[in-house]
Amino acid sequence: MNRIFKLLFVIFPLMSINAQIHEIGVFIGGSNYIGEIGPTTYIAPNEPAIGILYKWNKSPRHAYRFSYTQSKIKSNDLDSKEISRNQRGYYFENNIKEFAAGLEFNFFDFNLHELKNKTTPYVYSGLSYVYYEGLFFANGLTKSDANHGAIAIPIILGVKSNITPNFVLGLEVGARYTFADDIDGSNPTNKNLENLRFGNLNNNDWYVFSGLTLTYTFGNKPCYCAE
């Protein structure tokens, strides 16, 4: 991961400043989990999250977005305001690696070829593939079963602005609904561990990334710009 970031900072100065159809950059923020263990606060980052992203701006209103993000997620029943969870006292932590692709939509025109400052709220969604460690609880402690992958649906809201002619700064919060329920260990997929399941088995796991994006713009002149 460190090599990727070093490469990005090396190639930034080599890119043309005259045309901006592409964006490449980093995400830095935090993560939190929502599910059967711990508090249910929607935005409460408790572990650092970091990632890289690329955008292909097809018009002033939409862009294709691809990203990789990784973080540790953890949660503790002792931090919950629910009495039953607080008394249970379960705790887990897991490492997640997310690959995502989707469409980012700008509420206002965000023409990167114009030099004037622009700011717009945006929304993003698509599909994510999440790689994580399957967990289960035994005698109140988490144990590892096997590594798993699952599909997730990201729902991201944010606001961004071109702080310089070539850099765009964004602030965003994104929830991920996963098609998995064993990230926290409450519903192991191993049939031999079915007797260890607990909680609401009809609700899948969620996790949230909150933070900043910083991207550098480059590439050929967008087709939506006047000649």
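Below is a short write-up of the structure. The model shown is predicted, which means the values in this text are computed figures rather than measured ones.

**Some points on the packing of aromatic side chains**
Counted by the stated rule, this structure contains 13 aromatic pairs. Where F105 meets F107, the ring centres are 6.0 Å apart and the plane angle is 70°; that geometry is what we call edge-to-face. Since its relative accessible area comes to 41%, F107 is described here as partly exposed. Consider the rings of Y207 and F209, whose centres lie 5.3 Å apart with planes at 65°: the pair is edge-to-face. For the residue pair Y207 and F209, the accessibility class agrees, reading buried in each case. Through successive ring pairs, a cluster of aromatic residues spans F27, Y207 and F209. The residue whose ring lies beneath R65 is Y124, and the NZ or CZ to ring-centre distance is 4.8 Å. Stacked on the ring of Y122, the Lys or Arg K160 has its end atom at 5.2 Å from the ring centre.

Scoring rules and cut-offs
Per chain, the residues get numbers from 1 upward, laid out in the order the sequence is written. With pLDDT at 70 or above as the cut-off, local features in this predicted model cover only qualifying residues; side-chain atom pairs require 80 or more to be listed or tallied, and sums for whole chains, interfaces and linings still use all residues. Hydrogens and water molecules were not included; the side-chain quantities draw on all heavy atoms of the structure. Two rings from Phe, Tyr or Trp (for Trp, the six-membered ring) form a pair when their centres are within 6.5 Å of each other. A pair whose planes differ by under 30 degrees is stacked, one over 60 is edge-to-face, and the rest are tilted. A simple rule labels every residue: compare its accessible area, found with a 1.4 Å probe on the protein chains alone, to the largest value its type can have, and call it buried under 20%, exposed over 50%, or partly exposed in between. Note on criteria: charge over ring means Lys NZ or Arg CZ within 6 Å of the ring centre, with the direction from the centre no more than 35 degrees off the ring normal.

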